[in-house]
Amino acid sequence: MKTEMKVLLYIKRSGQDKDGQSPLMGRIAVRGKNNSIAQFSCKFKVDVKQWNATAQRCTGKSRMAVMANREIERTLLLLRQRFNELKDIKEVVSAEEVKNAYQGLAESQDTIMKLFEEHNSDYALRVGVNRAVNTYYQYTNTYRHLAVFLKDKYRLSDMPVKQIDGNFIEDFDMYMRTVKRFKPRTIVGHINRLKCVMMLAVFRGIIPFSPFKGYSSQKPEFKQMYLTEEELAKFANMTYDTPNRNFTRDMFLFSCWTGICYCDMRALTEKNLVRAEDGSLWIHTERLKTGTPECVRLMEIPLAILEKYRGIDANGKLLPMLTKESMNRHLKKIAVMCGINRPISFHQARHTFGSIICLSQGIPIETVSKIMGHKHIKTTQRYAKVTQDKIDRDVDRLNEAIGGKFSLFGIDASPSTIRKDNTRRRVNPSWKQGAIVKQMMEG
């Protein structure tokens, strides 16, 4: 038996206000194998005097009547879309299910906010095992922004996963860019987290492919994350006005010469120090973010910093770290005192290690990747950038290596006369020249 849906709109006269407007209500009637009825609110009011019950529209051409009719058309169209979507995935559709899908509840469907919440719940269980707590907070932040976006843009609390398409992604991108005024790097982060949730829908068989296929977000402008050798020298050879800034300088330099990030530095203990057979001191640890091993040999500067602060921390840690927010504030002020015209954060020490301390000094990028505890060399390529100084040194070494190995015969002879060879050139006259020639022949 064919399943059909009809919608009846009526005004709730008992809710009429002093301006003569009443809430517009609706009744969904589904006829088929199982007949059902459900009532809902259109969430806007109409003028009782303008309402035509037969046409289910507002009469007249006033601004209020035109806006009300436009909302009515949008509501009926959305109800029809939800009904058709439910028919595609179910044999029997009830009026209550259509109502829930229209209002964004859609309990019987797989919805984006429900799927996102399940993803975050599973992610929370993995925090401390193979996931970082900060990344979990970023997913919850994206969840919150997505909920606000659905409410502002679509007036819904949720949406079926099958309705997430390229237009939805573009709208979400534009919303963050214009309404929220987020920076491109922040937008890329939120988009990528939404992309991960949509891939979860693909793995579960909810949708056949990701709607992000073919979508390309605007990439943020390149920002130099590492300190140059001159800037690093300024950091190291200056004494600052407060003890905390001097301490922040030492911790930043320790990270610059070891590549160990803030959270891993904070977790270092005596157990992480390993003495090799040749007498060198190493730090053996596992990254809290990925769990990959990280083995770093302590050179002269980090050894001096370690001995300076060893045994000070009351909890038995190797380094008595301040909070990351406090260190970043101090680093911004230190950058101003050093004449560096850009803000500096603690994480840039890890970029400095990969680019200036290792790659620029001739260390192969495969070795740098192993030292920094990266799973993939592509990750290392984001940290270790080829500087102009490295290019100059590499070209100098190349010149020394190939100097005298090759020769060019006849370079001392006088320059040859350059002539054009027009013997094989084929001239194609233009259409104007062809017309003139044709006219002359006809004349």
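On a predicted model such as this, the values are computed, not experimentally measured, just so you know. (Residues numbered from 1 in each chain as written. Predicted model: local features only at pLDDT ≥ 70, side-chain atom pairs only at ≥ 80, totals over all residues. Heavy atoms only, no water.)

J.: Just checking my understanding: could you explain the overall build of the protein for this structure?
T.: Scanning the protein for helices and strands turns up 16 helices and 8 strands. Of all 443 residues assigned to the protein, the portion counted as buried reaches 40%. Nonlocal contacts in the protein, meaning residues at least 24 apart in sequence, comprise 58% of its contacts between residues at least 6 apart. In the structure as shown, the protein presents an accessible area of about 27600 Å², 52% of it carried by carbon and sulfur atoms. (Helix = DSSP H or I, 4+ residues; strand = E, 2+ residues; numbered from the N terminus. Buried < 20%, exposed > 50% of the residue type's maximum accessible area, 1.4 Å probe, protein only. Contact = heavy atoms within 4.5 Å. Areas by Shrake-Rupley, 256 points an atom, 1.4 Å probe, with all protein chains shown as cover.)

J.: Sorry, what's going on with the packing of aromatic side chains here?
T.: Working definition: an aromatic ring pair is given by the centre-to-centre distance plus the angle between the planes. Considering all chains together, one arrives at 13 aromatic pairs under this definition. Taken together, a centroid distance of 5.8 Å and an interplanar angle of 85° make the contact between F149 and Y154 edge-to-face. Judged by its relative accessible area of 23%, Y154 is partly exposed. Ring geometry for F247 against Y309: centres 5.2 Å apart, planes inclined by 80°, an arrangement best described as edge-to-face. (Phe/Tyr/Trp six-rings, centres within 6.5 Å; stacked < 30°, edge-to-face > 60°.)

J.: Explanation requested: the pairing of strand β3 (residues 36-47) in the structure shown.
T.: Successive side chains on a regular strand alternate, one facing one side of the sheet and the next facing the other. Bridge count for strand β2 (residues 21-31) against β3 is 9 bridges, and the pairing is antiparallel. Bridge pairing in β3 links A29 to I37. Joining the antiparallel neighbours β2 and β3 is a turn of 4 residues. (Pairing = 2+ DSSP bridges.)

J.: What's the story with the pattern of salt bridges in this structure? I'm lost.
T.: Should the charged atoms of two oppositely charged side chains come close, the side chains can pair. One pass over the full model with this rule turns up 15 salt bridges. Two residues, E231 and R342, come together in a salt bridge whose shortest N-O distance is 2.9 Å. Linking E231 in helix α7 (residues 229-236) with R342 in the loop between α11 (324-337) and α12 (348-358), this pair joins segments that are 111 residues apart in sequence. In this structure, R310 and E307 form a salt bridge, with 2.9 Å as the shortest nitrogen-oxygen distance. Salt bridges sharing partners connect three or more residues here, namely E71, R74 and R155. (Salt bridge = Lys/Arg side-chain N within 4 Å of Asp/Glu carboxyl O.)

J.: Would you take a moment to explain the sheet that holds strand β8 (residues 293-297) for this structure?
T.: Where strands meet in a sheet, backbone hydrogen bonds hold them as pairs that are either parallel or antiparallel. In spatial order, the strands read β6-β7-β8; together these 3 strands make up an open sheet with antiparallel pairing. Edge positions in the sheet fall to β6 (273-275) and β8, since each of these pairs with one other strand and no more. The sheet shows a mean angle of 30° between the axes of neighbouring strands, taken without regard to direction. With 3 bridges connecting them, β6 and strand β7 (residues 281-286) associate as antiparallel partners. The partner of L273 across the bridge, within β7, is I283. (Axes fitted to C-alpha atoms, helices over the stretch in contact; angles between N-to-C directions.)

J.: How should a nonpolar patch on the surface be read in this particular structure?
T.: Where nonpolar side chains cluster on the molecular surface, the patch consists of V386, I391 and V395 and spans about 250 Å² of accessible area. Classification of I391 as partly exposed rests on a relative accessible area of 38%. (Patch = residues over 30% accessible without salt bridge, like charges linked within 9 Å, V, L, I, M, F, W, Y side chains within 5 Å.)

J.: I tried to follow the packing of helix α3 (residues 112-126) against helix α4 (residues 133-154) on my own but got confused; where do I start?
T.: In a pair of packed helices, the angle between the axes and the distance between the axes together describe the arrangement. At their nearest, the axes of α3 and α4 sit 10 Å apart, and the two run at 170° to each other. Judged by the angle between their axes, α3 and α4 are roughly antiparallel. Two packed elements cross with a definite hand, and for α3 against α4 that hand is left-handed. Side by side, α3 and α4 meet where I112, M113, F116, E117, H119, N120, Y123 and A124 of the first sit next to T135, Y136, Y139, T140, T142, Y143, L146, A147 and L150 of the second. (Parallel < 35°, antiparallel > 145°, perpendicular 65-115°, else oblique. Left-handed = near helix turned anticlockwise from the far one by under 90°.)

J.: Help me out: how do you make sense of the sheet that holds β2 in this one?
T.: Strand order in the open sheet formed by 3 strands is β1-β2-β3, and the pairing between neighbours is antiparallel. Because the sheet does not close on itself, it has two edges, and the strands there are β1 (4-11) and β3. Adjacent strand axes in the sheet meet at a mean angle of 20° when their direction is disregarded. Across the face of the sheet, helix α2 (residues 95-102) comes into contact with β1, β2 and β3 while running at roughly 35° to β3.

J.: Just checking my understanding: could you explain the nonpolar core for this structure?
T.: Ranked by size, the top nonpolar core spans 42 residues in total, and within it F235, M251, F252, F254, L319 and F346 carry the most contacts. Listing elements by their share of this core, those giving two or more residues are α7, α8 (243-258), α9 (262-266), β7, α10 (300-309), α11, α12 and α13 (365-371). With 7 residues, α8 is the largest single contributor of residues to this core. Among all residues touching L319, those that are not within four sequence positions of it are M251, F254, M265, L306, Y309 and D313. Residues F116, I164, I191 and I206 belong to the second largest nonpolar core, which totals 29 residues. (Core = buried A, V, L, I, M, F, W, Y, C linked by side-chain atoms within 4.5 Å.)

J.: I would appreciate a short explanation of the side chain of D264 in the present structure.
T.: If you trace the backbone, D264 turns up in helix α9. Residues within four places of D264 in sequence aside, it is in contact with E286, R287, L288 and E294.

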